[in-house]
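Fold and geometry: a report
The residues making up each chain are set out below.
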Amino acid sequence: MNFFRHRHRILIGPPALVLLITTAGCSSADDNASAAVPSPGAQTVKLCQNLDKALPAKLDGLSREDPEPASVLTAGWGSPAIILRCGVEQPPKMIDPKVAEGGDPDAVAGGVNGVDWLMEKREDGAYRFTTANRSAYVEVTVPKGRDSTGVLVDLAPAVKKAIPEGIAN
């Protein structure tokens, strides 16, 4: 069964919700946030430009402070920064049957307010979320110690507006 095909799921499942809510800890400040700029095709760049225009000025109460190098394919909020990258490649875990069946403790599929996400816990304690069932992959990295629930809720309207449902190329 392909979990990502269930577009009608709106709530995060209990395991994902627990992971989202319990992410707590300390991180050092990073005044010079940087992000690798993806290199998608022209069609995806247009979608990402639309997303950049639709992104909120504040995310979970944090002001937008874009990373270097400046690009319409990246955005950031706060310090340490929550980083968004649009037009990334499909993460390998997105097609891993173990994830779809709920058998990977470090990768969970779920949805927030009409946007499907793959959540991956990273070795440094941060979480990486990548949209599923959208015409472009959008990746959001939330630093260790920050609750990600509000981040995904705040991003959902912009993603739904700018990145249509479909299969990313």
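Residues numbered from 1 in each chain as written. Predicted model: local features only at pLDDT ≥ 70, side-chain atom pairs only at ≥ 80, totals over all residues. Heavy atoms only, no water.

Some words on the overall build of the protein chain
The secondary structure content of the protein chain amounts to four helices and eight strands. Tracing the protein chain from N to C terminus, the helices and strands come up as α-α-β-β-β-β-α-β-β-β-β-α. Relative to its 169 residues, the protein chain shows a buried fraction of 47%. Sequence-distant contacts, at least 24 apart, represent 62% of the contacts inside the protein chain between residues at least 6 apart. (Helix = DSSP H or I, 4+ residues; strand = E, 2+ residues; numbered from the N terminus. Buried < 20%, exposed > 50% of the residue type's maximum accessible area, 1.4 Å probe, protein only. Contact = heavy atoms within 4.5 Å.)

A look at the sheet that holds strand 7 (residues 127–132)
On the basis of which strands lie adjacent, the open sheet formed by six strands has the order 3-4-8-7-6-5 and antiparallel pairing. The open sheet has two edge strands, strand 3 (74–77) and strand 5 (107–112), and neither has a second partner. This sheet shows a mean twist of 20° between the axes of neighbouring strands, independent of strand direction. Both strand 3 and strand 4 (residues 82–86) contribute to a ladder of four bridges, which runs antiparallel. Following the sheet pairing, Ala75 is matched in strand 4 by Leu84. (Pairing = 2+ DSSP bridges. Axes fitted to C-alpha atoms, helices over the stretch in contact; angles between N-to-C directions.)

Describing helix 2 (residues 42–54)
Owing to its 3.6 residues per turn, the α-helix brings residues three or four apart onto one side. The end-to-end C-alpha distance of helix 2, which contains 13 residues, comes to 19 Å, matching closely the 18 Å that a straight helix rising 1.5 Å per residue would cover. All of the buried residues along helix 2 are Thr44, Leu47, Cys48, Leu51 and Asp52. Projected down its long axis, helix 2 shows its buried positions confined to an angular sector of 145°, all on one face. Among the exposed residues of helix 2, those oriented more than 90 degrees off its buried face are Ala42, Gln43, Lys46 and Lys53. (Expected span 1.5 Å × (residues − 1). Arc of directions from axis to C-beta.)

Re the pattern of salt bridges
For the structure shown, the criterion picks out six salt bridges. Close ionic contact of Asp66 with Arg64 constitutes a salt bridge, the shortest N to O distance being 2.7 Å. Relative accessible area serves as the criterion here: at 39%, Asp66 is assigned to the partly exposed category. The salt bridge involving Glu139 is made with Arg85; its shortest N-O contact spans 2.9 Å. Taken together, the residues span a long stretch of sequence, with Glu139 in strand 8 (residues 138–142) and Arg85 in strand 4 at a distance of 54 residues. The two residues Glu139 and Arg85 agree in class, both being buried. Because the salt bridges share partners, they merge into one network encompassing Asp52, Arg64 and Asp66. (Salt bridge = Lys/Arg side-chain N within 4 Å of Asp/Glu carboxyl O.)

With respect to the environment of Ala57
As for its placement among the helices and strands, Ala57 is situated in the loop between helix 2 and strand 1 (58–59). With relative accessibility at 60%, the residue Ala57 sits in the exposed group. Here the alpha-carbon distance between Ala57 and Gly76, two residues 19 residues apart in the chain, equals 9.9 Å. Contacts of Ala57, omitting those with residues within four sequence positions, involve Leu62, Ser63, Arg64 and Trp77.

Examining the state of the cysteines
Counting across every chain of the model gives one disulfide. Two residues share a disulfide in this structure: Cys48 and Cys86, whose sulfurs sit 2.1 Å from each other. Across the S-S bond of Cys48 and Cys86 the torsion is about -80°, and the bridge reads as left-handed. Here Cys86 lies in strand 4 and Cys48 lies in helix 2, a separation of 38 residues in the sequence. Classification of Cys48 by relative accessible area gives buried; the value is 1%. (Disulfide = S-S within 2.5 Å.)

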